[in-house]
Amino acid sequence: MPAYERFRPKPYHSKISIFWWIKRKPYVLFIIRELTSIFVAIYAIILIIQIHAMAQGPDTWDALMISFSMPGSILLHVVILIFLLFHTFTWFKLAPKAMVLKIGKKRIPGSLIIAGNFIMWILLSAGIAWLVMSA
Amino acid sequence: MGRYGPNLHDVLIVGGGGAGLRAAIAVAETDPNLSVAVVSKVYPMRSHTVSAEGGAAAVIKPDDSLDEHAYDTISGGDWMCDQDAVEAFVKEAPEEMIQLEHWGCPWSREEDGSIAVRPFGGMVKKRTWFAADKTGFHMLHSMFQTTLKYDPIRRYDEYFVTSLLVDDGRCQGVVALELSTGKIEAIGARSVILCTGGCGNVFPFTTNANIKTGDGMAMAYRTGVALKDMEFVQYHPTGLPFTGILITEAARAEGGYLLNKENYRYLQDYDLGVPEEKPVLRSMELGPRDRLSQAFVKELEKGRTFEGPYGPFVHLDVRHLGKDVIEEKIPFVRELCRKYENIDPVHEMIPVRPVVHYMMGGIDTDINSSTSLPGLFAAGEAACVSINGANRLGSNSLTELLVFGARAGISAAEFASKQQKPSNKLEALANDERKRIEKKYFSGYAKKSERISVIRKEMHQTMERGAGIYRTEASLKNSRSKIRELQERLDSCSIRDETFTFNTELIAAIELSYMLDVAESIIESALNRTESRGSHQREDHPERDDQNFLVHSLAYRAEKESPRVEYKPVTITRWPPGERKYG
Amino acid sequence: MAEKVKIQVLRYIPEKDPDPFYQEYEVPFRKEWVILDALNYIKDEIDGSLSYRWSCRMGVCGSCGMMVNDIPVLTCETFLEKYLPGPVRIAPLNYFAVIRDLVVETDGFMEKVKRVKPWIIREEEKPAAEGEYLQTPDQLSEYKQYSMCINCMLCYAACPVVGLEPKFIGPAAIALAQRYNYDNRDEGQKMRDDVLLSDDGIYECTLVGECSVVCPKHVDPAGAIQRYKVTGATEWWTSVLLPFGKK
């Protein structure tokens, strides 16, 4: 830093450490959210691979299914499931921030918007489950 | 950069509060070619206008009239107002307020979308526009944000003005200290408007922000301009003990009661009407501020106030309004009580006591905001036009910022366009000022080891004792010699911090010198006015004396001695002096 | 109860100090004191050279924001008692350059505020003589929350994106833009989009959410930004799906 000169300010710029987030819980949670989103991306890739395999025909599909039943793969899926659930919860929790809904003059409270999201999620999951089961 | 080079402008405004910003826009709209400088010791949105709560008065509803607003103002001011100024004020008020609405001010509304108004102390009709109970905050931010769209407005944020530049018999700019660097330089202009607000900090217990130290008043006073009606100091009846935080009059306007320790609405004992359940205009809790604050002192003398760790207090009760009304109309009151008193006014009574709030007096200006020094104008609390007389009505001051801020802007723009460029001596004058300041304050603390905070504290004490709600000749004389002594002590006092970057100790020392000058003008004017009128109450002269004192005091500075006080008549147009009747 | 409290204040006077350092003071403990009262005590009684900004001491002028024990607060409304037994650590707001002691450089913030055009923009202005624009209480409530910002900059000090991407327009300025966008008197959203949908605008926000947590006036800038993201996304899709539609 240059030396101080009269009438010329010498503001101090602090440096940000790469561990800036470690000091406070909300920042730690934020970083966890950011890092674990990698697993969400991985699952998106897995889905694309599945669709691709399906398009290739039954042989490719079966081979993929066998590889999925390996212990390592199951473990990966369990980990992904946990993080996906984590992201679903945090995402729904944030929904009221972006959605301002009103009934008449009153703003719908955030808790109702969160509840609505969860209800829709459960209903849709149940619907899909029913489709799969009855097929 | 100004139109003529660095630090050279057409109109220069000192102060970025309501009046200053309104003036800046007025100049920019009068002539877009004029370059306008707003020099302020804080960023404009920090100015004390931000703290105003209750509202701003202007006739808007069909059942109201300009004459009624004028009469309320004049009787509220105990006939010390200049009536031509009041008439202009009430007439221009509505359009100014609508203009501010067009600039985005979020005024509270009726169901149909038109402007809502609320009752206020001393007003016979509902005419106080409000933005919940953060009216000043919203007005200031709306205006500040609006100034951002005008390119000719150049801001000098965090520049502290140390003196006015006078050359060739007219005001040609200011000397300012840039806080971030400590550089002291001239900013020249063809005309200057002082919008620096009041000086509540000469008293210990005030609603005023720390920045309100009478800077503009003292600077004008030092150039020989008179300070007018300085003896009239408004105490607001409801401040929180210890902090002095204001609990807005709107709390009473919405229906709050003032109760003494016997749970009795004591205002009924002081010619302010009979208690009713609902608020009655110009009656009881909606009486004028001077009378309410004086009633408090009488209650104290009768031993009917509570005694707390920070002095006596009474109760303000808004519980019967219910949570919904409190949340909608006075949410800030609730927020302040919860934060600073740890009480919830929905369930508990609020402890309150009178607190120094506003200076009716100020730099002597005419109806066009001009002072006696050519090229110098003033508006807002720093100025005294006078529309506030001996006691200002709540909600007139915010409107005054707009009406007289705009008037000052127009006058200063007109004056500027007729003048030559500022003189070329300004730099030299600024240089002298820089040397004076460095010599005075940076000359070795060790040799003269007195803290400025000690002098400030003693000033507070003597002003409260000598020039408070009730005054006597003896108390005032006492304070006069004390202030004299403090001025001498400050003269030979230095500061410890001799650095240039953001030296707030230096600023505080200069502010203290401003406050001491203003304090002496308050005391001398009060001492010479041997009558009681509005907020100026002399125990030794308890009656109003229209024969001798229906006149404005003009305090002129005298070097090393007490100021000289002269008088000039009050302008009466249509309302001859009468008795002030409330209730 | 403690008689005295230790206050550690970050000091930096560029004329003298090569780098900032913490200086410790001891102040008496008073129940009714806020942090600012303790600083004023230090300035008046112990060390007049300590510099910081303050003014209204009622939480509305926005001057006195500082980091107290690493969290940005308004020192005029934060009680000392909360930090007993101490020591209390007071530093200038995070991510801003320090001019001196607790005073930070603010011009950058002011420039960002100006960039979002925070004023009423209309195609045609109505003269004041023709009366007010109508605005029902419901229309007022659409933007009221965002109009409560006091520019205290605590949200900037809580936002790591502001620290890592200094050009980011930031929470308060975006909330202020929304204050005008949701005002029925205003017609200027398209002009504000230029700034807000730019690289320095809303998409920099990664939704840490701390801006809304530290906001002393419950403005909820995080909410304002997310709502703008929805608006921005909707506008983009509309322009893709309806390329010939009204822009």
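Residues numbered from 1 in each chain as written. Chains lettered and ligands numbered in written order. Predicted model: local features only at pLDDT ≥ 70, side-chain atom pairs only at ≥ 80, totals over all residues. Heavy atoms only, no water.

Moving on to the domain arrangement of chain C. All names here are of chain C. According to the domain assignment, chain C consists of domain 1 (4–104) and domain 2 (107–241). The distance between the C-alpha centroids of domain 1 and domain 2 comes to 30 Å. Contact residues are listed per partner, giving 16 residues for domain 1 and 16 residues for domain 2. Here domain 1 meets domain 2 over a buried area of about 1,100 Å², counting both sides, of which 73% is carbon and sulfur. Its largest share of buried area at the contact with domain 2, domain 1 owes to Pro72, Tyr95 and Phe96, together 48% of the area lost on that side. On inspection of domain 1 and its partner domain 2, the count reaches zero salt bridges. For the pair domain 1 and domain 2, the interface holds one residue pair in polar contact (both at pLDDT 80 or more). The set of elements that each furnish at least two residues to the side of domain 1 that touches domain 2 consists of β3 (65–68) and β4 (71–74). Partitioned by chemical class, the residues of the side of domain 1 that touches domain 2 number eleven nonpolar, four polar and one charged. (Domains from an automatic or database assignment. Contact = heavy atoms within 4.5 Å. Buried area = accessible area lost by both parts, 1.4 Å probe. Salt bridge = Lys/Arg side-chain N within 4 Å of Asp/Glu carboxyl O. Polar contact = N/O pair within 3.5 Å; in protein donor to acceptor, adjacent residues only side chain to side chain. Helix = DSSP H or I, 4+ residues; strand = E, 2+ residues; numbered from the N terminus. Nonpolar A, V, L, I, M, F, W, Y, C, P; charged D, E, K, R; others polar.)

Turning to the pairing of strand β11 (residues 233–239) of chain B, a few remarks are in order. For a regular strand, the rule is simple: side chains alternate between the two faces of the sheet. Residue and element names in this part refer to chain B. In terms of residue burial, β11 counts as a mostly covered element, since seven of its seven residues are buried. Pairing between β11 and strand β15 (residues 350–359): five bridges, direction antiparallel. Each bridged residue has a counterpart across the sheet, and for histidine 236 the counterpart in β15 is valine 355. (Buried < 20%, exposed > 50% of the residue type's maximum accessible area, 1.4 Å probe, protein only. Pairing = 2+ DSSP bridges.)

Residues and elements named next belong to chain C. Strands sit in the order β2-β1-β5-β3-β4 across an open sheet of five strands; the sheet is mixed. The two strands at the open ends of the sheet, each matched to only one other strand, are β2 (21–28) and β4. Pairwise comparison of adjacent strand axes, ignoring direction, gives a mean angle of 35° for this sheet. Sheet strands touched by helix α1 (residues 35–46): β1 (4–11), β2, β3 and β5 (88–91). Its angle to β2, the strand with the most contacts, is close to 95°. (Axes fitted to C-alpha atoms, helices over the stretch in contact; angles between N-to-C directions.)

Attention now goes to the pattern of salt bridges. Residue and element names in this part refer to chain B. Under the defined criterion, the tally for this structure stands at 81 salt bridges over all chains. The salt bridge involving arginine 544 is made with aspartate 78; its shortest N-O contact spans 2.5 Å. Highlighted residues: arginine 544 in the loop between β20 (537–538) and α15 (546–549) and aspartate 78 in the loop between α2 (66–76) and α3 (83–102), separated in sequence by 466 residues. Note on arginine 544: relative accessible area 27%, which makes it partly exposed. The partner of lysine 482 in a salt bridge is glutamate 458, with the nearest N and O atoms 2.9 Å apart. Residue lysine 482 is located in helix α13 (residues 473–491), and its partner glutamate 458 is located in helix α12 (residues 452–466); the two are separated by 24 residues in the primary sequence. For lysine 482, a relative accessible area of 22% puts it in the partly exposed group.

Residues and elements named next belong to chain C. The buried count for β1 comes to six of eight residues, which makes it a mostly enclosed element. Pairing between β1 and β2: eight bridges, direction antiparallel. Residue pairing for β2: leucine 10 is matched across the bridge by tyrosine 22. Taken together, the three bridges between β1 and β5 define a ladder with parallel strand orientation. Bridged to glutamine 8 within β5 is arginine 89.

Time to look at the interface of chain A and chain B. One frequently used descriptor of interface size is the decrease in accessible area upon assembly of the parts. Contact with chain A, which involves five residues of that partner, is made by eight residues of chain B. Our enumeration of links across chain A and chain B arrives at one salt bridge. Across the salt bridge formed by arginine 6 of chain A and glutamate 438 of chain B, the nearest N and O atoms sit 3.8 Å from each other. Inspection of the region where chain A meets chain B yields zero residue pairs in polar contact (both at pLDDT 80 or more). In terms of residue class, the side of chain A that touches chain B is built from three nonpolar, no polar and two charged.

To continue, consider the sheet that holds strand β3 (residues 56–57) of chain B. Residue and element names in this part refer to chain B. The sheet built from three strands is open, its strands ordered β3-β5-β4 with antiparallel pairing. Two strands in the sheet have a free side with no partner beyond their single neighbour: β3 and β4 (117–118). As judged from the two bridges shared by β4 and strand β5 (residues 128–129), these two strands associate in the antiparallel manner. Looking across to β5, one finds that valine 117 is bridged to tryptophan 129.

So, on to the domain arrangement of chain A. Residue and element names in this part refer to chain A. For chain A, the assigned domains read domain 1 (19–97) and domain 2 (99–135). Between domain 1 and domain 2, the C-alpha centre-to-centre distance is 22 Å. Summed over both partners, the interface of domain 1 with domain 2 buries about 730 Å², with 77% contributed by carbon and sulfur atoms. Area buried by domain 1 at its contact with domain 2 is led by Phe92, Ala95 and Pro96, which between them contribute 67% of it. Joining domain 1 to domain 2, the criterion identifies zero salt bridges. Here domain 1 and domain 2 share zero residue pairs in polar contact (both at pLDDT 80 or more) between them. Its residues assigned to classes, the side of domain 1 that touches domain 2 comprises five nonpolar, one polar and two charged.

Attention now goes to helix α4 (residues 135–147) of chain B. Over its 13 residues, α4 of chain B extends 18 Å from the first C-alpha to the last, a length consistent with the 18 Å expected when each residue adds 1.5 Å. Along α4 of chain B, 13 of the 13 residues are buried, which leaves the element largely enclosed by surrounding structure. (Expected span 1.5 Å × (residues − 1).)

This next bit is on α13 of chain B. Residues and elements named next belong to chain B. With 19 residues, α13 extends 27 Å between its outermost C-alpha atoms, agreeing within 8% with the 27 Å of an ideal straight helix rising 1.5 Å per residue. Taken residue by residue, α13 has Ser475, Leu476, Ser479, Ile483, Leu486, Gln487, Arg489 and Leu490 as its buried positions. Down the axis of α13, the sector holding all buried residues measures 160°, keeping them to one side. Set apart from the buried face of α13 by more than 90 degrees, the exposed residues are Ala474 and Asn478. Contacts made by the buried residues of α13 are with α11 (426–441), α12, β19 (470–471), α14 (504–528) and β20. (Arc of directions from axis to C-beta.)

This brings us to the interface of chain B and chain C. Taken together, the contact pairs 68 residues of chain B with 69 residues of chain C. Contact between chain B and chain C buries roughly 5,500 Å² in total, counting both sides, with carbon and sulfur atoms accounting for 52%. Considering only the side of chain B, the residues that lose the most area to chain C are Arg46, His102 and Gln145 of chain B, jointly responsible for 13% of the buried surface there. Linking chain B with chain C are eight salt bridges, by the criterion used here.

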